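# Structural overview for review
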Amino acid sequence: MFVTDRGRSASHVHLEILRKRAELDGREKRELERYRSGYGGELEYDRVFDEVGHEQMYVFRDIWLGIGDSKVQLDALIVADNLLIVNEIKNYSGNYSYENGIWKVRNQQISEDPVSQVSTAANKLLRLRYESGVQFEVQKEIVFVNPYMIFGPTDYRHADLFVMRNRLKQYFRSFHNNTFGRPAKVLAEEVARRIISPPHPAPSSDISRLKLGMNCYRCQSFDVSKKRFCSECRDCGYTEPFERLVVRSAIEFSVLFPEEKVTCRGIHEFLGKSLNYQTVQRRLSTYFVKKGDASQSHYIVTGYDLKKILVEANYDSAYEQDIEYMSEKRRNTFRKYLFMSDDSNSV
């Protein structure tokens, strides 16, 4: 079973949101593409794993562990009886080679070294034996999930570390040769106790480069008009209830300015003062926990899963209940985009 969820890193989410309100420079564009590719590969890994089945296993995804005075990031960690299996997931495409400890793509040397990465992670996990007193072995593999990766020539001293896309299902099925009983449960608990928050928060944004105001959730256009209970995009026609718009804006603000408190005034200005101040205040109070007194109050935004925040607060838009103003087309649009997959456009 999947013990932890998989999500985008803080830096990835930061760039996804930043691109909606600012022009990314060349470095930022390359970084965003790298994050998207990596996250897409991890989702493919999960999808195939789901197909094969992992009900009896303990599978940790996308975690940071604090072990002693060191920290280690793991794409996937499978826990069996007296065994930890570390998977470094790569979504490479194109012509790669690995010889004499050097990785090349199209005959050009690259700085990233998956062999070193997975070996470092495995070595840090071995320290857990001394901390916990639990005896286990560590197995490590690099999983290449992209079918369009061409690999060779290869240093076959490390060939046992490489799992290519064409044998991924076979690899996952091999996990079932292990046992998952009481020792696995104890070991999984030891791992869970050492999960820490990611140590590298996203940077804060320069507000001077941002475009403020209401933007469209679907196409990111700022050519948006204000209706009675919702905003409407003049470019694509997408309509968004104010409840959802304010919650989304609070999430985006918290990601772009992680060191700042989320206040009603801040969100009001972030939206270009296009909504009534009381409208913003009511929505923030409904969907987020309020802290502080009247003059210093702010709201606690935990996470950036828009759908989860809305659903947990029993999202119910007045606009969606107003038959006079709610056409069937718009009602269907709301239903579709409220529950849009987080992997496609949740931030």
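Residues numbered from 1 in each chain as written. Predicted model: local features only at pLDDT ≥ 70, side-chain atom pairs only at ≥ 80, totals over all residues. Heavy atoms only, no water.

An unreviewed UniProt entry lists the protein chain under the name NERD domain-containing protein, from Candidatus Salinicoccus stercoripullorum.

### Structural notes on the overall build of the protein chain
Helix and strand counts for the protein chain stand at 12 helices and 15 strands. Taken over the C-alpha atoms alone, the protein chain extends approximately 65 × 45 × 40 Å along its principal axes. Here the protein chain holds 347 residues, and the buried ones make up 49% of them. Nonlocal contacts in the protein chain, meaning residues at least 24 apart in sequence, comprise 64% of its contacts between residues at least 6 apart. With the model as given, the accessible surface of the protein chain reaches about 17,600 Å², and the carbon-plus-sulfur share is 46%. Side chains of the protein chain carry 52 positive and 48 negative charges; the gap between the two charge centres is 3 Å. (Helix = DSSP H or I, 4+ residues; strand = E, 2+ residues; numbered from the N terminus. Buried < 20%, exposed > 50% of the residue type's maximum accessible area, 1.4 Å probe, protein only. Contact = heavy atoms within 4.5 Å. Areas by Shrake-Rupley, 256 points an atom, 1.4 Å probe, with all protein chains shown as cover. Lys, Arg positive; Asp, Glu negative; His and termini not counted. Charge placed at Lys NZ, Arg CZ, Asp CG, Glu CD.)

### A few points about the UniProt feature "domain: NERD" (unreviewed entry) in the protein chain
Residues annotated by UniProt as "domain: NERD" (unreviewed entry) correspond here to residues 37–151. From the first C-alpha to the last, residues 37–151 spans 18 Å; its make-up is 30% helix and 45% strand. (UniProt positions renumbered as here; feature names shortened; annotations may be inferred.)

### What about the sheet that holds strand 1 (residues 58–67)?
Read from one edge of the open sheet, 6 strands run 9-7-3-2-1-10, paired in mixed fashion. Strands at the two margins of the open sheet, each flanked by one partner only, are strand 9 (162–163) and strand 10 (195–196). Here strand 7 (residues 137–144) runs beside strand 9; their pairing, made up of 2 bridges, is parallel. In the sheet register, Ile 142 faces strand 9, and the bridge partner there is Phe 162. Each of strand 1, strand 2 (70–80), strand 3 (83–90), strand 7 and strand 9 touches helix 3 (residues 114–132); the most contacted strand, strand 7, lies at about 155° to it. (Pairing = 2+ DSSP bridges. Axes fitted to C-alpha atoms, helices over the stretch in contact; angles between N-to-C directions.)

### Digging into the environment of Pro 201
For Pro 201, the location among the structural elements is in the loop between strand 10 and strand 11 (224–226). Separated by 54 residues in the primary sequence, Pro 201 and Val 255 have C-alpha atoms spaced 9.8 Å apart.

### Comments concerning the pattern of salt bridges
Once the charged atoms of two side chains with opposite charge are near each other, the side chains can pair. Counted under the stated rule, the structure contains 27 salt bridges. Here Arg 194 makes a salt bridge to Glu 190, at a shortest N to O gap of 2.8 Å. Judged by relative accessible area, Arg 194 falls into the buried class, the value being 15%. On the accessibility criterion, Glu 190 (11% relative accessible area) is buried. Notably, a salt bridge pairs Glu 252 with Arg 248, separated by 3.2 Å at the nearest N-O pair. Of the two residues, Glu 252 and Arg 248 are both situated in helix 6 (residues 242–256); the distance of 4 residues between them amounts to about one turn of the helix. Each of Arg 21, Glu 240, Arg 244, Arg 248 and Glu 252 takes part in one network of salt bridges that share partners. (Salt bridge = Lys/Arg side-chain N within 4 Å of Asp/Glu carboxyl O.)

### Some thoughts on the sheet that holds strand 8 (residues 149–154)
Across the sheet, 4 strands lie side by side as 6-5-4-8; this open sheet has mixed pairing. The open sheet has two free edges, formed respectively by strand 6 (108–109) and strand 8, since each of these has just one partner strand. Note that strand 4 (residues 94–99) and strand 5 (residues 102–105) share 4 bridges and pair antiparallel. What sits directly across from Tyr 96, in strand 5, is Val 105.

### Observations regarding the packing of helix 1 (residues 10–21) against helix 6
It is at 9 Å that the axes of helix 1 and helix 6 come closest, and there the two elements cross at 115°. The pairing of helix 1 with helix 6 is recorded here as roughly perpendicular in orientation. Judged by the sense of rotation from one axis to the other, the crossing of helix 1 with helix 6 is left-handed. Contacts between helix 1 and helix 6 involve Val 13, His 14, Ile 17, Leu 18, Lys 20 and Arg 21 on the former and, on the latter, Glu 252, Val 255 and Leu 256. (Parallel < 35°, antiparallel > 145°, perpendicular 65-115°, else oblique. Left-handed = near helix turned anticlockwise from the far one by under 90°.)

### Considerations on unusual backbone geometry
A positive phi angle is found at Asn 82, which is not glycine, with a value near 60°. Examined against the element boundaries, Asn 82 turns out to sit in the loop between strand 2 and strand 3. Within the chain, Asn 100 stands out as a residue other than glycine whose phi angle is a positive 55°. As for its placement among the helices and strands, Asn 100 is situated in the loop between strand 4 and strand 5.

### What about helix 3?
Its 19 residues give helix 3 an end-to-end C-alpha distance of 28 Å, which sits within 8% of 27 Å, the value for a rise of 1.5 Å per residue. Among the residues making up helix 3, those that are buried are Pro 114, Val 115, Val 118, Ser 119, Ala 121, Ala 122, Leu 125, Leu 128 and Arg 129. One side of helix 3 carries all its buried residues, which in axial view fall inside an arc of 160°. In this structure Asp 113 caps helix 3, since a side-chain oxygen of it lies 3.1 Å from the backbone nitrogen of Val 115. The first or second residue beyond helix 3 is Gly 133, which carries a positive phi of 80°. (Expected span 1.5 Å × (residues − 1). Arc of directions from axis to C-beta. Polar contact = N/O pair within 3.5 Å; in protein donor to acceptor, adjacent residues only side chain to side chain.)

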